[in-house]
Amino acid sequence: EKDKKKELFHLEEAAIAGHPDARYNLACHETRIKRFDRAVKHFIIAANLGHDESIQQLKKCYKYGDVSKDDFAAALRAHQAAVDATKSPQREAAKDNA
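**Observations concerning the overall build of the chain**
Each helix and strand in the chain was counted, giving 6 helices and 0 strands. Listing the helices and strands of the chain from first to last along the sequence gives α-α-α-α-α-α. Taken along the three principal axes of its C-alpha coordinates, the chain extends 45 × 35 × 20 Å. If you average the places of the 18 positive and of the 16 negative side-chain charges in the chain, the two averages end up 3 Å apart.

So this is what it looks like as structure tokens:
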């Protein structure tokens, strides 16, 4: 139990610092304890940071009615903008050479 509290503390710290994986993991934790409203918020924030798995989870939440159409559409747009912001000719060239 103490380790779980410590884990959550560090996940929250990392999420506040802007780590999308930490946000995603917090959302998964909130889902496990049935706090879907908080989970959706974490998924949206992670998706806005370009986290692909969060978008997939938001699709499921939308399907089950936990996310409104407007919120889902806004998250999709923000996710795409974040992904586009990480694209550059140098990255594309490096990916092609790998």
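**Examining the packing of helix α4 (residues 52-63) against helix α5 (residues 69-85)**
One can describe the packing of α4 onto α5 by two numbers: an axis separation of 11 Å at closest approach and a directional angle of 165°. In terms of their interaxial angle, α4 and α5 are classed as roughly antiparallel. As α4 packs across α5, the resulting crossing turns out to be left-handed. Contacts between α4 and α5 involve Asp-52, Ile-55, Leu-58, Lys-59 and Tyr-62 on the former and, on the latter, Lys-69, Phe-72, Ala-75, Leu-76, His-79 and Val-83. Taken together, the residues of the contact of α4 with α5 sort by class into 7 nonpolar, 1 polar and 3 charged.

**Quick look at the nonpolar core**
Counting residues in each nonpolar core, the largest one holds 14 residues, and the members touching the most others are Val-40, Phe-43, Leu-58, Cys-61 and Val-67. Those elements that place two or more of their residues in this core are α2 (20-32), α3 (36-48), α4 and α5. A per-element tally of this core places α3 first, with 5 residues. If we skip the residues at most four places from it in the chain, Phe-43 touches Tyr-24, Ala-27, Cys-28, Thr-31, Ser-54, Gln-57, Leu-58 and Cys-61. With 5 residues, the next largest nonpolar core counts Leu-8, Leu-11, Ala-22 and Leu-26 among its residues.

Each value, and the rule that gives it
- Residues numbered from 1 in each chain as written.
- Predicted model: local features only at pLDDT ≥ 70, side-chain atom pairs only at ≥ 80, totals over all residues.
- Heavy atoms only, no water.
- Helix = DSSP H or I, 4+ residues; strand = E, 2+ residues; numbered from the N terminus.
- Lys, Arg positive; Asp, Glu negative; His and termini not counted.
- Charge placed at Lys NZ, Arg CZ, Asp CG, Glu CD.
- Axes fitted to C-alpha atoms, helices over the stretch in contact; angles between N-to-C directions.
- Parallel < 35°, antiparallel > 145°, perpendicular 65-115°, else oblique.
- Left-handed = near helix turned anticlockwise from the far one by under 90°.
- Contact = heavy atoms within 4.5 Å.
- Nonpolar A, V, L, I, M, F, W, Y, C, P; charged D, E, K, R; others polar.
- Core = buried A, V, L, I, M, F, W, Y, C linked by side-chain atoms within 4.5 Å.
- Buried < 20%, exposed > 50% of the residue type's maximum accessible area, 1.4 Å probe, protein only.

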